[in-house]
Amino acid sequence: MYPTQQQLDNYAALAVRVGVNVQQGQTVVVMAPIAAAPLARLIASKAYEAGAKNVHVEYNDEELSRIKYKQAPEEALSEYPIWRAKAWEQYVDNGAAFITIYSPNPDLLNDVDPARVATASKAASTALSSYRASLMNHTNAWSLISYATPEWAAKVFPDLTTEEAVQKLWERIIDATRIDLEDPIQAWKEHNAKLLQMVELLNSKRYKQLQYEAPGTSLTVELPEGHIWLGGSKANSKGVYFNPNMPTEEVFTMPHRDGVNGTVRSTKPLNYNGQVISGFSLTFKDGIVVDHSAEQGYEALTSLLNTDEGARHLGEIALVPHDSPISNSNVIFFNTLYDENASCHLALGQAYPVNINGGTKMSPEELLAHGANRSLTHEDFMIGSAELNIDGVTQDGKREPIFRAGNWAI
Ligand code: ZN
Ligand code: ZN
């Protein structure tokens, strides 16, 4: 089933009203693949309706990216246009809201040397670091949504015709974003309220440590003092509530960057920069990945870990019950926005400063001293399954179940 006009209207309204919660006179920046132009235009229209002053839409063409990765001389890959980075910083300073429409094409860069992709992605991360830091600080409202494209759908449903695959993928998106309901905005309010309940419960526990056990996984994660669990909608620096991810099912906090020990095994493939990494394990000692293996994409995983020093430490831990709507669809999306919301996950790289008391006011050095990881990258990977058990260790050393057989036990 393709979305009806009403459902697409709902989707655009949801991105504008709940995703970034556009305010009177605000500038809205929309980044979209060219295939998603119909949705980008609807978003622009809904944003003006909501009082936006200006909507700036930037389209990207992944085929052009592929041509560049394949053919441009090496030195072009290590350059990033300064004017674009500056423009995005200026939008941040002007209080703009950022909506990204993301349609992965997991096989896009299969025949490109991973080292070339790594060079380009490092150049982009470096140039955009100030912009990205502002988003991770929740200074501005931002929201990430997805749009079904033939390339993505064909990867998710390889046995169907492209036509059927796209329709099936839309069904999943419609379901996960609730745009088929009578009042999706109200439905999201209720969903946010439910996530907030779990957030408040976990924050009241002030766990010292989490312990993960599953086949191939035995991992201890220390939580820093003053860590904060978050989930659902968040407040930006002006106190405006927004939903960074649609869909979202996670509650998450930061680990202590030096307090992770043991081994963890991935349970879903990870689409990293157009390359698939799957069946991989990471072994940590005092927070650092000291060993890694992968059934597929070992080189891409190695280059992710070598991004910088912080790429070998964790920056996020997130809890998602195995029995959740996206997970129950039993589909592997090759899109982290969807897969991470079907599964408990961890992230290598940068921690969210909002996940620690006073974090948004701390200097990078202070954050580091409090155990918050720092890196140019932030890459989520999925570790949840029906066999995952997680215990929390309280301040006085008591162990209590948080997850049993993949679901909440708290
Ligand atoms: Zn997450
Ligand atoms: Zn993340």
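None of the values given here were measured: they were computed from a predicted structure.

Caption draft 1: Structural view of the side chain of Asn 140. Structurally, Asn 140 is set in the loop between helix H7 (129-136) and strand E4 (142-146). Here Asn 140 falls in the buried class, since its relative accessible area comes to 2%. Of the polar contacts made by the side chain of Asn 140, one reaches the backbone oxygen of Val 92; its length is 3.1 Å. A polar contact is formed between the side chain of Asn 140 and the backbone oxygen of Ala 96, at a distance of 2.9 Å. Ignoring sequence-local partners within four residues, the contact set of Asn 140 consists of Tyr 91, Val 92, Gly 95, Ala 96, Phe 98, Ser 134, Leu 135, Asn 236 and Phe 242.

Caption draft 2: Inspection of the coordination of the zinc ion (ligand 1) at higher detail. Within the protein, the atoms that donate to the zinc ion (ligand 1) are Glu 250 (OE), Glu 316 (OE), Glu 340 (OE) and His 345 (NE2), at distances of 2.0 to 2.7 Å. Every donor counted, the 4 donor atoms about the zinc ion (ligand 1) form angles of 70 to 148° at the centre, which fits irregular coordination. Read N to C, the donor residues that coordinate the zinc ion (ligand 1) are spaced as E-x65-E-x23-E-x4-H. The zinc ion (ligand 2) is placed at 3.5 Å from the zinc ion (ligand 1), the two being bridged by Glu 316. Here Glu 250, found in the loop between strand E9 (241-242) and strand E10 (251-253), pairs with Glu 340, found in the loop between helix H13 (336-339) and strand E16 (345-349); they are 90 residues apart in sequence, far enough to count as distant. Overall, Glu 250 belongs to the buried group, its relative accessible area being 6%.

Caption draft 3: Unusual backbone geometry, seen in detail. The omega angle of the peptide bond from Met 246 to Pro 247 is 10°, so this bond is cis rather than trans. Along the chain, Pro 247 turns up in the loop between E9 and E10. Located in the positive-phi region is Asn 273, a residue other than glycine, with phi close to 50°. Residue Asn 273 is classed as partly exposed on the basis of its relative accessible area of 29%.

Caption draft 4: Molecular detail of the environment of Arg 257. With respect to the helices, strands and loops of the structure, Arg 257 is situated in the loop between E10 and strand E11 (260-265). Sequence separation between Arg 257 and Leu 202 is 55 residues; the distance between their C-alpha atoms is 20 Å. Look past the residues within four positions of Arg 257 in its chain and what remains in contact with it is Asp 286, Gly 287, Glu 309, Gly 310, His 313, Leu 314, Leu 368, Gly 371, Ala 372, Asn 373 and Arg 374.

Caption draft 5: Up close: empty space enclosed by the protein. If you walk through the whole model with that rule in mind, you get 1 cavity of 30 Å³ or more. Approximately 50 Å³ is the volume attributed to the largest cavity. As for the largest cavity, its lining consists of Arg 172, Asp 175, Ala 176, Pro 325, Ile 326, Ser 329 and Phe 333. Breaking the lining of the largest cavity down by element, the ones donating at least two residues are helix H9 (162-177) and helix H12 (325-328). Here the element with the most residues in the lining of the largest cavity is H9; it accounts for 3 residues. For the lining of the largest cavity, the residue count by class is 4 nonpolar, 1 polar and 2 charged. Lining the lining of the largest cavity are residues from two domains, each supplying at least three of them: domain 1 (5-177) and domain 2 (196-408).

Caption draft 6: Local environment of the layout of surface pockets. Approximately 520 Å³ is the volume attributed to the second largest pocket. Looking at the second largest pocket, it is lined by 29 residues, and the ones nearest its centre are Ser 233, Lys 234, Ala 235, Tyr 241 and Phe 242. Sorting the residues of the lining of the second largest pocket by element identifies helix H1 (5-19), helix H10 (184-205), strand E7 (230-231), strand E8 (234-235) and E9 as the ones contributing at least two each. Among the elements that line the lining of the second largest pocket, the one with the most residues is H10, at 8 residues. When residues of the lining of the second largest pocket are assigned to domains, at least three fall in each of domain 1 (5-177) and domain 2 (196-408).

Caption draft 7: Expanded view of the packing of aromatic side chains. One pass over the full model with this rule turns up 9 aromatic pairs. Both rings, one in Phe 98 and one in Tyr 131, keep their centres 5.2 Å apart while their planes meet at 65°; by these two values the pair is edge-to-face. Within this pair, whereas Phe 98 is found in strand E3 (residues 97-102), its partner Tyr 131 is found in helix H7, the two being separated by 33 residues in sequence. According to the relative accessible area criterion, Phe 98 is buried, its value standing at 1%. Cluster of aromatic residues (ring-pair linked, three or more members): Tyr 11, Tyr 147 and Trp 170. Taking NZ or CZ as reference, Lys 155 lies 4.9 Å from the ring centre of Phe 334, over its face.

Caption draft 8: Molecular detail of the pairing of E11. As defined by bridge partners, strand E6 (residues 217-222) adjoins E11 across 4 bridges and the pair is classed as antiparallel. The residue bridging Val 221 from the neighbouring strand is Val 260, located in E11. Relative to strand E13 (residues 275-285), E11 is paired through 4 bridges, and the arrangement is antiparallel. Looking across to E13, one finds that Arg 265 is bridged to Ser 281.

Caption draft 9: Highlighting the packing of H1 against H9. At a closest axis distance of 11 Å, the pairing of H1 and H9 adopts a crossing angle of 50°. With respect to each other, H1 and H9 are oriented oblique. Considering only the axes of H1 and H9, their crossing is left-handed. Counted together, Gln 7, Leu 8, Tyr 11 and Leu 14 of H1 and Trp 170, Ile 173, Ile 174 and Thr 177 of H9 form the full contact between these two elements. Residues of the contact of H1 with H9, tallied by class, amount to 6 nonpolar, 2 polar and no charged.

Cut-off values and rules
- Residues numbered from 1 in each chain as written.
- Chains lettered and ligands numbered in written order.
- Predicted model: local features only at pLDDT ≥ 70, side-chain atom pairs only at ≥ 80, totals over all residues.
- Heavy atoms only, no water.
- Helix = DSSP H or I, 4+ residues; strand = E, 2+ residues; numbered from the N terminus.
- Buried < 20%, exposed > 50% of the residue type's maximum accessible area, 1.4 Å probe, protein only.
- Polar contact = N/O pair within 3.5 Å; in protein donor to acceptor, adjacent residues only side chain to side chain.
- Contact = heavy atoms within 4.5 Å.
- Donors = N, O, S within 2.8 Å, 3.2 Å for Na, K, Ca; no water.
- Tetrahedral: all angles 85-135°; square planar, octahedral: opposite > 155°, others 65-115°.
- 1 Å grid on protein atoms, 1.4 Å probe; cavity = no way out; pocket = protein on both sides within 12 Å on 5 of 7 lines; lining within 4 Å.
- Points joined across faces, edges and corners; volume = space filled by probe spheres on them.
- Nonpolar A, V, L, I, M, F, W, Y, C, P; charged D, E, K, R; others polar.
- Domains from an automatic or database assignment.
- Phe/Tyr/Trp six-rings, centres within 6.5 Å; stacked < 30°, edge-to-face > 60°.
- Lys NZ or Arg CZ within 6 Å of the ring centre and 35° of its normal.
- Pairing = 2+ DSSP bridges.
- Axes fitted to C-alpha atoms, helices over the stretch in contact; angles between N-to-C directions.
- Parallel < 35°, antiparallel > 145°, perpendicular 65-115°, else oblique.
- Left-handed = near helix turned anticlockwise from the far one by under 90°.

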